[in-house]
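A closer look at the structure
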Amino acid sequence: MALQLRPNCEYCDRDLPPNATDARICSYECTFCADCVETKLANVCPNCGGGFAPRPIRPRRNGDRACARPTRRRRTSGCI
């Protein structure tokens, strides 16, 4: 099963395309940008309490769209 590669930071709504090197995920694939993880979330996922790791980059092959998930997700309640 492939990663979902969510298209945005769930905290600040910053775009995170499939080739973003500053995307971070937790073990449940909650997705945040590196800036929010480091400066606002203290490396703790507000959804599950786990830590973060850099999200792998999915390169394009043969003209595909890198299978990015089109649905944006954003927390509506406050984080930490």
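One can find the structure itself at the top, above this paragraph.
Residues numbered from 1 in each chain as written. Predicted model: local features only at pLDDT ≥ 70, side-chain atom pairs only at ≥ 80, totals over all residues. Heavy atoms only, no water.

1. A closer look at the side chain of Glu29
Here is the rule: Note on conventions: DSSP H or I runs of at least 4 residues are helices, E runs of at least 2 residues are strands, and numbering of each starts at the N terminus. The contact criterion used is simple: two residues touch if any of their non-hydrogen atoms lie within 4.5 Å.
Following the sequence through the fold, Glu29 ends up in the loop between β1 (23–25) and β2 (31–33). Here Glu29 is in contact with Leu3, Gln4, Arg6 and Glu10, once residues within four sequence places are set aside.

2. What about the pattern of salt bridges?
The following threshold applies: A pair is scored as a salt bridge if a Lys or Arg side-chain nitrogen falls within 4 Å of a carboxyl oxygen belonging to Asp or Glu. Burial classification: accessible surface area is computed with a 1.4 Å probe over protein chains only, and a residue below 20% of its type maximum counts as buried, one above 50% as exposed, and the rest as partly exposed.
This structure, assessed with the given rule, holds 2 salt bridges. Glu10 serves as the salt-bridge partner of Arg6, at 3.3 Å between the closest nitrogen and oxygen. Like Arg6, the residue Glu10 is buried in the burial classification. Of the charged contacts in the structure, one is a salt bridge between Asp22 and Arg14, with a shortest N-O distance of 2.7 Å.

3. Describing the nonpolar core
The cut-off we apply is this: Buried residues of nine kinds, namely Ala, Val, Leu, Ile, Met, Phe, Trp, Tyr and Cys, make up a nonpolar core once their side-chain atoms join them within 4.5 Å.
In this structure, Cys9, Leu16, Phe32, Cys45 and Phe52 are the most contacted members of the largest nonpolar core, which totals 13 residues. Every element with two or more residues in this core is listed here: β2 and α1 (34–39). Once you skip the residues sitting within four places of it in the chain, Cys45 turns out to touch Cys26, Cys30, Phe32, Gly50 and Phe52.

4. Here's the deal with empty space enclosed by the protein
Threshold: Only protein atoms enter the 1 Å grid used here, on which a cavity is any set of points holding a 1.4 Å probe that cannot leave and a pocket is any open set flanked by protein within 12 Å on both sides along at least five of seven lines; residues with an atom within 4 Å of a point are listed as lining. Grid points are joined across faces, edges and corners, and a volume is the space filled by probe spheres set on the points. Put simply, Ala, Val, Leu, Ile, Met, Phe, Trp, Tyr, Cys and Pro go in the nonpolar bin, Asp, Glu, Lys and Arg in the charged bin, and everything else, Gly too, in the polar bin.
Scanning the entire structure with this criterion turns up 1 cavity of 30 Å³ or more. Classifying every residue of the lining of the largest cavity by side-chain character gives 3 nonpolar, 2 polar and 3 charged.

5. Some details on the sheet that holds β1
Selection rule: By the convention used here, strands pair only if DSSP detects at least 2 bridges between them.
Across the sheet, which stays open at both edges, the 3 strands sit in the order β2-β1-β3 with antiparallel pairing between neighbours. Two strands lie at the open edges of the sheet, namely β2 and β3 (53–54), each paired on one side alone. Looking at chain direction, β1 and β3 are connected through 2 bridges and run antiparallel. Paired with Ile25 across the bridge in β3 is Ala53.

6. Quick notes on unusual backbone geometry
Of note in the backbone geometry, Glu29 takes a positive phi value of approximately 70 degrees without being a glycine. Positive phi is not limited to glycine here, since Ala42 has a value of about 55 degrees.

7. Digging into the environment of Arg24
Rule in force here: Identification of polar contacts relies on pairs of N or O atoms within 3.5 Å, with a donor-acceptor requirement for protein atoms, meaning one able to donate a hydrogen and the other able to accept it, and with residues adjacent in sequence counted only if both atoms are side-chain atoms.
When you line up the elements, Arg24 lands in strand β1. Each C-alpha atom of the pair Arg24 and Cys36 lies 9.4 Å from the other, and the pair is 12 residues apart in sequence. Here Arg24 is in contact with Cys30, Thr31, Phe32, Cys33, Ala34, Val37, Phe52, Ala53, Pro54 and Arg55, once residues within four sequence places are set aside. A distance of 3.2 Å separates a polar atom in the side chain of Arg24 from the backbone oxygen of Thr21.

Any functional reading would require information that these geometric values do not contain.
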